[in-house]
Structure formats: structure tokens, C-alpha cells
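# Observations on the model geometry
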Amino acid sequence: MRIVICDDDLNELQKTSSFITEYCDKLNIPLDLLTYNNPKDLINFLSFDEGENKIDAYFLDIVMPKKDGN
């Protein structure tokens, strides 16, 4: 299973990552976990990916402050 997490709060990013990793380990689900703490990095990954790598689930922070005026 390939999962992406994006959260600007590093504590929340770590908590979510740990929860998902423990859950998949418990159920013997193979996991490829990608984490981003900056939405621009995730957008760059997605724009260069061109659909080659299937993502099964996204966990996205809903509220992220604007940075650099963007």
C-alpha cells in the first residue's frame, strides 16, 4: 500500500506516520509511506510523477498557513 501524508505540524506528521505504520505492521500490509511537511513539495512530487506511481491514500492537513505569499 502506498500512502502520502502532508502536514506542516511535524508532531502531527509523526503521530499519523506512526499510527499508519503500526496498523499496517499489525495486519502485515506492505507499506510505502511518503511524508511531506510542505504542500509545495508534495505538489512538485505529483507534477513530476505523471501518474506513474499509484497512491492508495492521502492524509492531508486541512489548515496550513500561507507561506511566502503563495
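Just above sits the structure.
Right, let's walk through the structure included here. Everything numeric in this text was worked out from a predicted model, so none of it was measured.

Our next topic: the overall build of the chain. On a plain count of helices and strands, the chain comes out with 2 helices and 3 strands. Reading the secondary structure of the chain in the N-to-C direction produces β-α-β-α-β. Out of the 70 residues in the chain, the part that is buried amounts to 23%. Total accessible area on the chain stands at roughly 5300 Å², and carbon and sulfur atoms take up 54% of it.

Looking now at helix α1 (residues 10-26). Its 17 residues place the ends of α1 24 Å apart at the C-alpha level, agreeing with the 24 Å of an ideal helix rising 1.5 Å per residue. Those residues of α1 that sit buried are Leu 13, Ser 17, Ile 20 and Cys 24. Buried residues of α1 fall within an arc of 70° about the axis and therefore sit on the same side. For α1, the exposed residues lying more than 90 degrees away from the buried face are Asn 11, Lys 15, Phe 19, Glu 22, Asp 25 and Lys 26. Contacts from the buried residues of α1 go to β1 (2-6), β2 (32-36) and β3 (57-60). Put simply, Asp 9 is the residue that caps the front of α1, since its side-chain oxygen is 2.9 Å from the backbone nitrogen of Asn 11. After α1 finishes, the residue Asn 28 shows a positive phi value of roughly 55°.

What follows covers the side chain of Arg 2. Here Arg 2 is to be found in strand β1. A relative accessible area of 15% places Arg 2 in the buried class. Engagement of the side chain of Arg 2 in a polar contact is seen with the side chain of Asp 32, the distance being 2.8 Å. In this structure Arg 2 touches Asp 32, Leu 34, Phe 45, Asn 53, Lys 54, Ile 55, Asp 56 and Ala 57, once residues within four positions along its chain are discounted.

The strand order across the open sheet formed by 3 strands is β2-β1-β3, and the pairing between neighbours is parallel. Either end of the sheet is taken by a strand with one partner, and the two such strands are β2 and β3. Pairwise comparison of adjacent strand axes, ignoring direction, gives a mean angle of 15° for this sheet. Bridge count for β1 against β2 is 5 bridges, and the pairing is parallel. Residue pairing across strands places Ile 5 opposite Thr 35, the latter belonging to β2. Of the strands in this sheet, β1, β2 and β3 touch α1, which is tilted by about 175° from β2.

About the cut-offs
Chains are numbered independently. Their residues run from 1 in the order of the written sequence. Per-residue local features are limited, in this predicted model, to residues with pLDDT of at least 70; the limit for side-chain atom pairs, both in listing and counting, is 80 or more; totals at the level of whole chains, interfaces and linings are taken over all residues. Values reported for side chains reflect all heavy atoms of the structure, with hydrogen atoms and water molecules removed beforehand. Numbering goes from the N terminus for both helices and strands, where a helix is a DSSP run of H or I of at least four residues and a strand is a run of E of at least two. Classification of residues uses two cut-offs on accessible area relative to the type maximum, computed with a 1.4 Å probe and protein chains only: under 20% is buried, over 50% is exposed, and between them is partly exposed. Only the protein chains shown count as cover for residues, with accessible areas throughout obtained via the Shrake-Rupley method and a probe of 1.4 Å. Multiply 1.5 Å by the residue count of a helix minus one, and that product is the helix's expected span. Of all possible arcs, the one meant is that of the directions from the helix axis to the C-beta atoms. Any two residues whose heavy atoms approach within 4.5 Å at even a single point are treated as in contact. Each polar contact in these results corresponds to two N or O atoms within 3.5 Å; when the atoms are within protein, one needs to be able to donate a hydrogen and the other to accept it, and residues that are neighboring in sequence are counted only if both atoms are side-chain atoms. The pairing criterion for strands is at least two bridges between them, as found by DSSP. To define axes, lines are fitted to C-alpha atoms, for helices over the stretch in contact only, and angles between the resulting N-to-C directions are given on a 0 to 180 degree scale.

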